[in-house]
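Reading the structure
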Amino acid sequence: QVQFVESGGGLVQPGGSLRLSCATSGNIFSLTSIIWYRQAPGKQREWVATISRGGTTIYADSVKGRFTVSRDNAKNTVYLQMDSLKPEDTAVYYCRAPSTPWGQGTQVTVSS
């Protein structure tokens, strides 16, 4: 069963940037969309962004203009570039292909 591993989280000040990575050793990476989600403490998991197998991207209104998704199929890796970070971006971030298992996520904390 395909699994994804998120990395790159950390503590950053408001207005700062982070780049998250989403990697898999599965064999479906180049064939599917990859979806980013996040879950803040006490909140439901929410959709953040999607990148299609062809590279088309869509974003939640909350992150439009600040986050950018890209993918490198040769490396089986998707990236989430997060700029102009706000405290409300604090969450555990997850990635997956549609209907695949959840990984452990990576913690992003935006705080001064």
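To start, this report covers the structure provided alongside it. (Residues numbered from 1 in each chain as written. Predicted model: local features only at pLDDT ≥ 70, side-chain atom pairs only at ≥ 80, totals over all residues. Heavy atoms only, no water.)

Things to note about the overall build of the chain
Across its full length, the chain holds zero helices and ten strands. The linear arrangement of helices and strands in the chain, starting from the amino end, is β-β-β-β-β-β-β-β-β-β. Radius of gyration (C-alpha) of the chain: 13 Å, near the 13 Å computed for a compact globule of 112 residues. Over its C-alpha atoms, taken along the principal directions, the chain stretches across nearly 40 × 25 × 20 Å. Put simply, 53% of the contacts in the chain that link residues at least 6 apart link residues at least 24 apart. For the chain, the distance from the average position of its 11 positive side-chain charges to the average position of its 7 negative side-chain charges is 5 Å. (Helix = DSSP H or I, 4+ residues; strand = E, 2+ residues; numbered from the N terminus. Rg over C-alpha atoms; globule rule 2.2 N^0.38 Å. Contact = heavy atoms within 4.5 Å. Lys, Arg positive; Asp, Glu negative; His and termini not counted. Charge placed at Lys NZ, Arg CZ, Asp CG, Glu CD.)

Things to note about the sheet that holds strand β3 (residues 18-24)
The strand order β1-β3-β8-β7 describes an open sheet built from four strands, whose pairing is antiparallel. Strands at the two margins of the open sheet, each flanked by one partner only, are β1 (4-7) and β7 (67-72). Neighbouring strand axes in the sheet, compared pairwise and without regard to direction, differ in orientation by 15° on average. With six bridges connecting them, β3 and strand β8 (residues 77-82) associate as antiparallel partners. Each bridged residue has a counterpart across the sheet, and for L20 the counterpart in β8 is L80. (Pairing = 2+ DSSP bridges. Axes fitted to C-alpha atoms, helices over the stretch in contact; angles between N-to-C directions.)

Thoughts on the packing of aromatic side chains
On inspection of all chains with the given rule, the structure shows two aromatic pairs. Arranged with centres 4.8 Å apart and planes meeting at 75°, the rings of Y37 and W102 form a pair that is edge-to-face. Separated by 65 residues along the polypeptide, Y37 in strand β4 (residues 34-39) and W102 in the loop between β9 (91-96) and β10 (106-110) bring together distant segments of the chain. The exposure class assigned to W102 is partly exposed, which follows from its relative accessible area of 32%. The interplanar angle of 75° and the centroid separation of 5.9 Å between the aromatic rings of Y94 and W102 together place this pair among those described as edge-to-face. (Phe/Tyr/Trp six-rings, centres within 6.5 Å; stacked < 30°, edge-to-face > 60°. Buried < 20%, exposed > 50% of the residue type's maximum accessible area, 1.4 Å probe, protein only.)

A look at the pattern of salt bridges
For the coordinates displayed, the defined rule picks out four salt bridges. The residue E46 makes a salt bridge to R38 at a minimum N-O spacing of 2.7 Å. The exposure class assigned to R38 is buried, which follows from its relative accessible area of 5%. We note a salt bridge from R66 to D89, for which the minimum N-O separation is 2.7 Å. (Salt bridge = Lys/Arg side-chain N within 4 Å of Asp/Glu carboxyl O.)

Thoughts on the pairing of β1
The two faces of β1 differ: F4 and E6 on one face are buried, but V5 and S7 on the other face are not. Across four bridges, β1 lies against β3 in antiparallel orientation. Among the inter-strand pairings, S7 is bridged to a residue of β3, identified as S21.

As for the sheet that holds strand β2 (residues 10-12)
Taken in spatial order, the six strands line up as β2-β10-β9-β4-β5-β6 in an open sheet, and their pairing is mixed. The open sheet has two edge strands, β2 and β6 (57-59), and neither has a second partner. The average undirected angle you get between the axes of adjacent strands in this sheet is 25°. Bridge count for β4 against β9 is five bridges, and the pairing is antiparallel. Bridging across to β9, Q39 finds its partner in V92.

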